[in-house]
Each structure stands twice: as C-alpha cells, then as structure tokens.
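Here is how the chains run, residue by residue.
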Amino acid sequence: FDGASITRDDVVREGDPTNNVPDTIFSKLGMQLHRRDNHPIGILRNAIYEYFDATYPGKFVKFDDLSPIVSVKENFDDVLVPADHVSRSYNDTYYVDAQTVLRCHTSAHQTELLKRGHCYFLVTGDVYRRDSIDSTHYPVFHQMEGVRVFSPDEWVNSGLDGTSYAAMDLKQSLEGLAKSLFGDVDMRWIDTYFPFTNPSFELEIYFQEKWMEVLGCGVTEQEILRRNGRSGSVAWAFGLGLERLAMVLFEIPDIRLFWSNDQRFTSQFSERKLGAKFQPFSKYPPCYKDMSFWISDSFTENNLCEVVREIAGDLVEEVRLIDNFTNKGMTSHCYRIAYRSMERSLTDEEINQLQGHVREVVQNKLRVTLR
Ligand code: PHE
C-alpha cells in the first residue's frame, strides 16, 4: 500500500448517503506521519519497536503500511463488535460506502494477520473517528496494535490457567514499555470492556492534571482465535494511541501540532531522539465565539464539530457546550468555539468572517434554528 495512491474518488462520494467522508479527512489519507523518522509520531513508533525488539528479540513482525480503507467486516464483525454497537454508527465512523470504512482502530488488521499465521505482530497506522473537538481529540490519529499468541506449552508449567498467564504477561510487557518510555510517571490500570478481549484493561497516565487513557488491551476472545485457526492457544492484544503518548513524552500541548508544517515545530524533532521536550513557540491568544440554537432531533455534537472543522480547519481549538435547556419541548444549546492558531495571531476580521460562515452552514446543514 502506498498512501499517496489514494485519490479523492476512492473515498469521497458527494450526495451518496452511505458516504460521510469530508475533504478535510481525505486530505489526511496518505500523510503517514508514523512513517516519518523525524516526526514525533515516527520517533515514538521507533522507540516502541526498540522496546519490543529488546524484550522479545527477533519475535515481533512489524506492519506500518496497511491501507486504512477496510471493510466493515474487518473493522467490526471480525473483532466481534456487536451489530448495534455505537462505534458502528455514521455519527462515530467514516464510511466510504455501506460495506467500507476508514478503520477506526488498528484492530481491524488482527484477524487477517492471525489467519496468515503470525504469532507476534505490531501494526502501526492512521485511524479515523468522528469526535468532538479539544486539545486531545482529532478526527485522525495513530495507533499501534500489538498481538502475541501463546501455545499451551508456554503456560502449562506456570501454575496459572492460560488466560491468567496471558493477562499477567500483557500487564508486565506494557508496564515495561511505559517505564522504558517515561521512566517515572503515575499510571493506573482500569478494568474495562472491549468486544474482542476478556478480561480488558485500560492504562491511564497522569498528564496536565488529568488521568489520560493511553491504551486499551486484554486477553483475546477465544472465538477470534478459534475462527482464525488458533484453537487451544491464548493471546493478548493491545492498541495504543501514539498522539496521546507523544503529547506526554514530548510535552506537546495540543494535538493539532502533529499536523503542523511550521518549522518552529518540525525542526525540534530533527534529531530523531526521544529525550527532546517541545519548546512552545509563543502562544497566540484564543478568541471565543458563542453560538446558540434550537436543536432538531437529528442534531449531534460530532456533526457540529465536523462542520466547524470543515470551515475553520486547524484554527479551531475547542468546541464546548456551555449551556443547555429545554422549554416547551424545544431544546437550546449554546456552544463556545475557541479559535486559535498555533502559528500566528488571528485578526478580528478573520474570526468574524469564519464565525459568520460557521453560523450559516450550521443552520443549513444541521437543521437547527439560530437564536
Ligand atoms: N481497538 C481498541 C481501541 O481502539 C484498543 C484495543 C486493542 C483494546 C486491542 C484491546 C485490544 O480503543
């Protein structure tokens, strides 16, 4: 797969109700930040590779060029995501057509690689999710998936059953990874649910005065192993968010910076080393604009954020619901939009023009009534 070979026609179908890929998303396909050795995402990928190569010499096979355009079957069905799971909705996922999506996680490649017979693999790639807007959320980000399959002889003498053995090995491996990347950092395990693992866990790291989720993982559901010719074995899997980890590691305050071509950003990572801390170039002032409207039944925050992003691009820093009330069966929302460039000061005129355009398109596309 060569990212540059994806054309607009491959993913954007204007007027087709089974397609919801906007141009801003098309423009990100094929950027492949994770394959750039002097970009924070690529540097982090390489550091994680090094950890796994040192811990399991010669074992992990690495994939970083699998196409982000995958079938609904690969992205959801094959990893046991239930038919009615929210992640399948058009509100959460980018659909190319009714059977094809932009992968929303690198888990979309698990079954294909298990089927091919791999027992240790890492898959790195760009993943796509419709979401709200703030400093840690962006509709494209990067994940690394890791899978390890054990055969019975690996755990039979441990005194543990296969599942407990895999869970123990998984937590040890990922704690080791976190220590190798961060040294001392506060972290905690949270029990959670994923359709494809049981038990399932999340690892959180303390950053910017908050616990931030950086990875999901667990012991692979037996059904997945069975369907892919691995009955009798156990496996673990993890999926980690590279931007989240890189933000902590390099002290990068805003997720939009990963997409910046500003030399003041890119030049800071030319050394290709982990140790660098990002030196923020001066922070430009934000500009806040509030917008109130009566919503319709079909209104969603993700749709609003996409409209704002389509118009303002990376000038939008946050979209936040600041007021919400219902009167005589009508619901009003007030959203505060923060505009801020990472690279320069914005003029009042420019912001007013953007906001005017946002109001117009929000009214027309989202069927709300501005107040
Ligand atoms: N695919 C999950 C996500 O994107 C992460 C995950 C991967 C969880 C593998 C468990 C096992 O959130």
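The structure presented is a predicted model; accordingly, all values stated were derived computationally and were not measured. (Residues numbered from 1 in each chain as written. Predicted model: local features only at pLDDT ≥ 70, side-chain atom pairs only at ≥ 80, totals over all residues. Heavy atoms only, no water.)

Notes on the domain arrangement of the protein chain
Inference 1: Here the domain parsing of the protein chain yields domain 1 (3–263) and domain 2 (287–370).
Inference 2: With 23 residues of domain 1 in contact, the opposing surface of domain 2 contributes 17 residues.
Inference 3: A combined buried area of about 1700 Å² lies between domain 1 and domain 2, and 45% of that area is made up of carbon and sulfur atoms.
Inference 4: Considering only the side of domain 1, the residues that lose the most area to domain 2 are Arg 130, Ile 133 and Arg 256, jointly responsible for 43% of the buried surface there.
Inference 5: Here Arg 130 makes a salt bridge to Glu 306, at a shortest N to O gap of 3.2 Å.
Inference 6: The tally of links between domain 1 and domain 2 comes to 15 residue pairs in polar contact (both at pLDDT 80 or more).
Inference 7: The class makeup of the residues in the side of domain 1 that touches domain 2 is seven nonpolar, eight polar and eight charged. (Domains from an automatic or database assignment. Contact = heavy atoms within 4.5 Å. Buried area = accessible area lost by both parts, 1.4 Å probe. Salt bridge = Lys/Arg side-chain N within 4 Å of Asp/Glu carboxyl O. Polar contact = N/O pair within 3.5 Å; in protein donor to acceptor, adjacent residues only side chain to side chain. Nonpolar A, V, L, I, M, F, W, Y, C, P; charged D, E, K, R; others polar.)

Topic: the sheet that holds strand S4 (residues 100–102)
Whenever strands of a sheet pair, they do so through backbone hydrogen bonds, lying parallel or antiparallel.
Inference 1: Taking strand neighbours across the sheet as the criterion, the three strands line up as S2-S4-S3 in an open arrangement whose pairing is antiparallel. In this open sheet, the two strands that pair with only one neighbour each are strand S2 (69–71) and strand S3 (95–97). Shown here is a sheet whose adjacent strand axes are inclined to one another by a mean of 35 degrees, direction ignored.
Inference 2: Judged from the two bridges that link them, S3 and S4 form a sheet pairing that is antiparallel. Within S4, the residue paired with Tyr 95 across the bridge is Val 101. (Pairing = 2+ DSSP bridges. Helix = DSSP H or I, 4+ residues; strand = E, 2+ residues; numbered from the N terminus. Axes fitted to C-alpha atoms, helices over the stretch in contact; angles between N-to-C directions.)

Considerations on empty space enclosed by the protein
Take a probe with the size of a water molecule and roll it over the atoms, and the empty space left behind shows itself.
Inference 1: Counted according to the given criterion, the structure contains one cavity of 30 Å³ or more.
Inference 2: Counted as a void, the largest cavity has a volume near 40 Å³.
Inference 3: Residue lining of the largest cavity: Leu 174, Leu 177, Ala 178, Leu 181, Phe 182, Leu 203, Ile 205, Leu 215, Leu 240 and Leu 245, and that is the complete set.
Inference 4: With five residues, helix H6 (residues 162–182) is the single largest residue contributor to the lining of the largest cavity.
Inference 5: Across the lining of the largest cavity, the residue classes tally to ten nonpolar, no polar and no charged. (1 Å grid on protein atoms, 1.4 Å probe; cavity = no way out; pocket = protein on both sides within 12 Å on 5 of 7 lines; lining within 4 Å. Points joined across faces, edges and corners; volume = space filled by probe spheres on them.)

Side note on the sheet that holds strand S6 (residues 140–150)
Inference 1: Spatially, S1-S5-S6-S10-S9-S8-S7 is the arrangement adopted by the seven strands of the open sheet, whose pairing is mixed. Two strands close off the open sheet at either side, each with one partner strand: strand S1 (61–63) and strand S7 (187–194). Taking the axes of each pair of neighbouring strands and ignoring which way they run, one obtains an average angle of 20 degrees across the sheet.
Inference 2: Sitting on the sheet, H6 is in contact with S6, S7, strand S8 (197–207), strand S9 (210–220) and strand S10 (234–241), with an inclination near 30 degrees to S10.

Let's talk about the pairing of strand S13 (residues 330–339)
Inference 1: Of all ten residues that make up S13, eight are buried, and the element is covered over most of its length.
Inference 2: Bridge count between strand S12 (residues 316–327) and S13: ten bridges; the pairing is antiparallel. What sits directly across from Asn 324, in S13, is His 333.
Inference 3: Once S12 ends, the chain turns through two residues before running back antiparallel as S13, passing Lys 328 with a positive phi of about 50 degrees. (Buried < 20%, exposed > 50% of the residue type's maximum accessible area, 1.4 Å probe, protein only.)

Looking at the pattern of salt bridges
Inference 1: Scanning the model with the defined rule gives 24 salt bridges in all.
Inference 2: Arg 336 is the salt-bridge partner of Asp 290, the closest N and O atoms lying 2.7 Å from each other. Remark: Arg 336 occurs in strand S13 and Asp 290 occurs in strand S11 (residues 287–294); sequence separation between them is 46 residues.

Considerations on the nonpolar core
If you look at soluble globular proteins, the nonpolar side chains tend to sit buried side by side.
Inference 1: The biggest cluster of nonpolar side chains holds 67 residues, and the ones touching the most others in it are Ile 48, Phe 52, Leu 102, Leu 240, Ile 252 and Phe 258.
Inference 2: With nine residues, H6 is the largest single contributor of residues to this core.
Inference 3: Once you skip the residues sitting within four places of it in the chain, Leu 240 turns out to touch Ile 48, His 142, Gln 143, Met 144, Leu 177, Val 214, Leu 215 and Leu 245.
Inference 4: Core analysis: the second largest hydrophobic core is formed by 24 residues, Phe 299, Tyr 335, Ile 351 and Val 368 among them. (Core = buried A, V, L, I, M, F, W, Y, C linked by side-chain atoms within 4.5 Å.)

A word on helix H3 (residues 40–55)
Inference 1: The end-to-end C-alpha distance of H3 is 23 Å, a good match for the 22 Å that 16 residues give at a rise of 1.5 Å each.
Inference 2: Within the sequence span of H3, burial applies to Pro 40, Ile 41, Gly 42, Ile 43, Leu 44, Arg 45, Ala 47, Ile 48, Tyr 49, Tyr 51 and Phe 52. (Expected span 1.5 Å × (residues − 1).)

Some thoughts on the packing of aromatic side chains
Inference 1: Taken as a whole and assessed by the stated rule, the structure comprises 23 aromatic pairs.
Inference 2: The interplanar angle of 15 degrees and the centroid separation of 5.7 Å between the aromatic rings of Phe 52 and Phe 238 together place this pair among those described as stacked. With a gap of 186 residues between them, Phe 52 in helix H3 and Phe 238 in strand S10 connect regions that are remote in the sequence. The pair Phe 52 / Phe 238 is uniform in exposure class, with both members buried.
Inference 3: Between Phe 265 and Phe 269, the aromatic rings sit 5.1 Å apart at their centres with planes inclined by 55 degrees, giving tilted as the arrangement.
Inference 4: For Phe 265, a relative accessible area of 0% translates into the label buried.
Inference 5: Chaining the aromatic ring pairs together yields one cluster made of Tyr 51, Phe 52, Tyr 56, Phe 60, Tyr 120, Trp 236 and Phe 238.
Inference 6: Over the ring of Trp 259 we find Lys 28; its NZ or CZ atom is 5.3 Å from the centre of that ring.
Inference 7: Its guanidinium or amino end placed over the ring of Tyr 49, Lys 62 lies 5.4 Å from that ring's centre, counting from NZ or CZ. (Phe/Tyr/Trp six-rings, centres within 6.5 Å; stacked < 30°, edge-to-face > 60°. Lys NZ or Arg CZ within 6 Å of the ring centre and 35° of its normal.)

Notes on the layout of surface pockets
Inference 1: In this structure, the largest pocket occupies an estimated 880 Å³ of space.
Inference 2: Around the largest pocket, the lining is made up of 41 residues, and of these Cys 104, Arg 129, Gln 143, Phe 194 and Glu 213 lie nearest the centre.
Inference 3: Put simply, the parts of the chain that give the lining of the largest pocket at least two residues each are S6, S7, S8, S9, S10 and helix H8 (242–250).
Inference 4: If you tally residues by element for the lining of the largest pocket, the top one is S9, at six residues.

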